[in-house]
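Now for the letters of each chain:
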Amino acid sequence: MELGVEIYLALFAVAAVAGWVDVIAGGGGLLTIPAMMLAGLPPAAAIATNKVQGSFGTFIASVYFMRKRAVDLSRIKWPLVMTFAGSVAGSWAMLQIDARVLAWILPPLLAAVGLYFLLNPNIDDLARKQKMPWLAFAISIAPLLGFYDGFFGPGTGSLMALALVWCCGCGLTAATAHAKLLNFTSNLSSLLYFVLFGDIVWAVGAVMVAGQMIGAFTGARMVLQKGAALIRPVVVTACFVMAAGLAVKAL
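Residues numbered from 1 in each chain as written. Predicted model: local features only at pLDDT ≥ 70, side-chain atom pairs only at ≥ 80, totals over all residues. Heavy atoms only, no water.

A.B. asks: Can you help me understand the packing of helix H3 (residues 43–67) against helix H9 (residues 172–197) in this one?
C.D. replies: Two packed helices can be described by the angle between their axes and the distance between those axes. Axis separation between H3 and H9 bottoms out at 8 Å; the angle between their running directions is 145°. Between H3 and H9 lies a crossing whose hand is left-handed. Residues Ile-47, Ala-48, Lys-51, Val-52, Gly-54, Ser-55, Thr-58, Phe-59, Ala-61, Ser-62, Phe-65 and Met-66 of H3 form the contact with H9, whose participating residues are Thr-176, Ala-177, Lys-180, Leu-181, Asn-183, Phe-184, Asn-187, Leu-188, Ser-190, Leu-191 and Phe-194. When grouped by side-chain class, the residues that make up the contact of H3 with H9 number 13 nonpolar, eight polar and two charged. (Axes fitted to C-alpha atoms, helices over the stretch in contact; angles between N-to-C directions. Helix = DSSP H or I, 4+ residues; strand = E, 2+ residues; numbered from the N terminus. Left-handed = near helix turned anticlockwise from the far one by under 90°. Contact = heavy atoms within 4.5 Å. Nonpolar A, V, L, I, M, F, W, Y, C, P; charged D, E, K, R; others polar.)

Right, here's the structure in full:
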C-alpha cells in the first residue's frame with residue numbers, strides 16, 4: 001500500500017500511545033486497529049499487522065522486566081508454555097467460530113474487572129496468600145487466557161494481571177510484569193500464525209513497531225517506578241473505555 005508520510009507519522013504516534021497503555025493495562029489494539037483501518041487497511045490486514053507491532057511492544061516490556069528482576073521465571077515457565085498452547089488453539093478457533101459472540105460478553109466482563117480494581121482495597125503492591133499453586137494456575141487458567149488472546153484479544157493484559165493477583169497472590173506491579181510475559185507469549189503464537197496465513201502490511205508494521213517500542217519501554221519503566229499508584233487508575237480507565245467502545249460497536 002502507498003500511504004503518505006503524514007499517515008505513517010500518525011500511525012507511529014498511535015502505536016507509541018498504544019504501547020504505553022498496553023504495558024500498564026492492555027487494550028492497545030483498540031487504538032491501533034481502528035487507526036490502521038482509518039488509514040485504509042482492510043480489517044483482516046489491520047488485525048494481522050497489529051500482531052506484528054503488538055508483539056514487539058510486549059517483547060520490549062518483557063525484556064525490561066526480566067532485566068530488572070521483576071519476573072520469577074521459575075514460577076512463570078509453565079504458565080508461559082500453557083498460554084502459548086492456548087493461544088494457538090484460540091487462533092485456530094477464530095477461523096471456525098463467529099468471534100462476534102464475544103462482542104456481547106466482553107463489555108460487562110471488562111466493566112466488572114474495572115470495578116474490581118476500583119473498589120477492592122487489596123489491589124496494591126503487597127503480595128498476598130496464594131489461592132492456587134503456580135502449576136495449577138498453568139494447567140487451568142493460563143491456557144484459557146491464551147485462548148482468549150488468540151481468539152479475540154481486547155483487555156487481555158488486564159485479565160492476565162487480575163488472574164495473577166487473585167489466583168497467585170501477586171502484588172499489582174509483580175502481576176503486571178508477569179502478565180506482560182504471558183501476553184508476549186500469546187502474541188508470539190498469533191504472530192507466527194499470521195506470518196504464515198495472514199495479510200500483513202510490513203511497511204505499516206515496521207513504522208508502528210518503532211512507536212510501540214518507545215511506548216512499551218516508557219510504560220515498563222513507569223510501572224516499576226510508580227507501581228500500583230499508576231497501574232490501578234490506568235487499568236480502571238482502560239477497562240471502562242474498552243467496555244464502552246466494544247458495547248457501542250456491538251450495537
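A.B. asks: Hey, could you run me through helix H2 (residues 29–38) in this one?
C.D. replies: Two residues of an α-helix separated by three or four positions point the same way, owing to the 3.6 residues in each turn. Among the residues of H2, those classed as buried are Gly-29, Thr-32, Ala-35 and Met-36. Looking straight down H2, one finds its buried side chains confined to an arc of 140°; they lie on one side. Contact partners of the buried residues in H2: helix H1 (5–24), H3 and helix H10 (202–226). A positive backbone phi angle near 115° is found at Gly-40, which sits one or two residues after H2. (Buried < 20%, exposed > 50% of the residue type's maximum accessible area, 1.4 Å probe, protein only. Arc of directions from axis to C-beta.)

A.B. asks: Would you explain the environment of Phe-184 in this entry?
C.D. replies: Position of Phe-184 among the secondary structure elements: in helix H9. Residues Phe-184 and Lys-249, 65 residues apart in the sequence, show an inter-C-alpha distance of 27 Å. Beyond its immediate sequence surroundings of up to four residues, Phe-184 is in contact with Ser-55, Thr-58, Phe-59 and Ser-62.

A.B. asks: I keep staring at a nonpolar patch on the surface and nothing clicks. Help me out?
C.D. replies: Residues Trp-78, Val-81, Leu-135 and Ile-139 make up a contiguous nonpolar surface patch of roughly 420 Å² in combined accessible area. Elements supplying a minimum of two residues to the nonpolar patch: helix H4 (73–94) and helix H6 (134–140). Its location among the elements puts Val-81 in helix H4. (Patch = residues over 30% accessible without salt bridge, like charges linked within 9 Å, V, L, I, M, F, W, Y side chains within 5 Å. Areas by Shrake-Rupley, 256 points an atom, 1.4 Å probe, with all protein chains shown as cover. Salt bridge = Lys/Arg side-chain N within 4 Å of Asp/Glu carboxyl O.)

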